[in-house]
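Understanding the architecture of this molecule
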Amino acid sequence: MVEEQAKPANEVRRLIPPVDIYETENDVILVADMPGVAKENLQLGVDNDELTISGLFPEPEATGKMLVNEYLYGNYKRTFTLSDVIAQDKITAKLDDGVLTVTLPKNEKVKPRKIMIETK
Amino acid sequence: MRLTLWDPFKELTAMQKALESTFGTARPTYPPIEGIDKEDSVQVSAALPGIDKNTLELTILGDTLTIAGEKKLPIENVAYIRHERPYGKFHKLVDLPCTVEQDKVTATYNNGILAVAMPKAETVKPRQIKVE
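Each chain carries its own residue numbering, running from 1 in the direction its sequence is written. Starting at A for chains and at 1 for ligands, labels are handed out in the order in which the entities are written. Restriction of local features to residues with pLDDT of at least 70 applies here, the model being predicted, together with a cutoff of 80 or more for giving and counting side-chain atom pairs; totals for whole chains, interfaces and linings are based on all residues.

1. Side note on the environment of B:P32
Here is the rule: Helix and strand assignments follow DSSP, with helices taken as H or I runs no shorter than four residues and strands as E runs no shorter than two, numbered in order from the N terminus.
Positionally, B:P32 belongs in the loop between α1 (8-20) and β1 (33-37). For the pair formed by B:P32 and B:L96, sequence separation is 64 residues and the distance between their alpha carbons is 15 Å.

Spelled out as structure tokens, the structure:
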């Protein structure tokens, strides 16, 4: 049985979402697990070359006796430093089934470009 | 002082139960769940972001709920710069506190939370007895 831990009423627990980051030819993709976060509770921001993602997983009203509690409610938050490679003004994101996918396009000049050789 | 005979098998099964059970001190298996005993029903929720519902299998056998499925990687054949999210097949057994009406079980999946609502069987609901 998990014991109830006392927590100040105003304080929201801080959660760290696990992420996958991978790179494709044109983008850097960041995927974060944020179960329980609805779109209206999600926030993304870029400030000073740092990307911050945050989302609230609100605790519902207690409606019965807690038997087992393996996950926590609270505020997911994590910050990432963006390199020069990223075109910050072109960042897009989507939230599906508690998974946040952030697409960070690379700057044009760092993309590999094929040079066409003209033959006359 | 009461003396009891030490039963080695009792200890082994107890240890095994602690490992399998979600109540034990052993590390919980994926996915993390929450179980609430309401007056008329038992609710089990699992944090399962990014699951393809087609891979999900929910079954109730006796007083055990099984949550099984697969969490796939977002993309194959790519080099990951960072890889922290859990993925793969999972199979979790949850011991229910009482018998439930299997035919009346409903499950929803919202924002990555799978919520299974299981109404308690009539025979196990607490019932007030009037004293005449």
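2. Things to note about the interface of chain A and chain B
Heads up, the condition is: By the criterion used throughout, residues are in contact when their C-beta atoms, derived from the backbone, lie within 7 Å. Lys, Arg, Asp and Glu make up the charged group, whereas Ala, Val, Leu, Ile, Met, Phe, Trp, Tyr, Cys and Pro make up the nonpolar group; the residues left over, Gly among them, are polar. Between any two strands, at least two bridges found by DSSP are needed for them to pair.
Counting residues at the interface gives 27 residues for chain A, matched by 30 residues for chain B. Only β2 (19-23), β3 (27-33) and β6 (65-69) of chain A provide two or more residues apiece to the side of chain A that touches chain B. In the side of chain A that touches chain B, the residues fall into 15 nonpolar, six polar and six charged. Of the pairings in the sheet, the one linking β6(A) to β1(B) comprises four bridges and is antiparallel in character. Across the sheet, residue A:V68 finds its bridge partner in β1(B), namely B:G35.

3. Details of the sheet that holds strand β9 (residues 99-105) of chain A
Note the following rule: Working convention: axes come from line fits to C-alpha atoms, limited for helices to the stretch in contact. Angles between N-to-C directions cover 0 to 180 degrees.
The strand order across the open sheet built from five strands is β8(A)-β9(A)-β3(A)-β2(A)-β5(B), with neighbouring strands paired in antiparallel fashion. Two strands bound the open sheet, and with one partner strand each, they are β8 (92-96) of chain A together with β5 (80-83) of chain B. The sheet shows a mean angle of 10° between the axes of neighbouring strands, direction not considered. Direction of pairing for β8(A) relative to β9(A): antiparallel, over a ladder of five bridges. Opposite A:T92, over in β9(A), you have A:T103 as the bridge partner.

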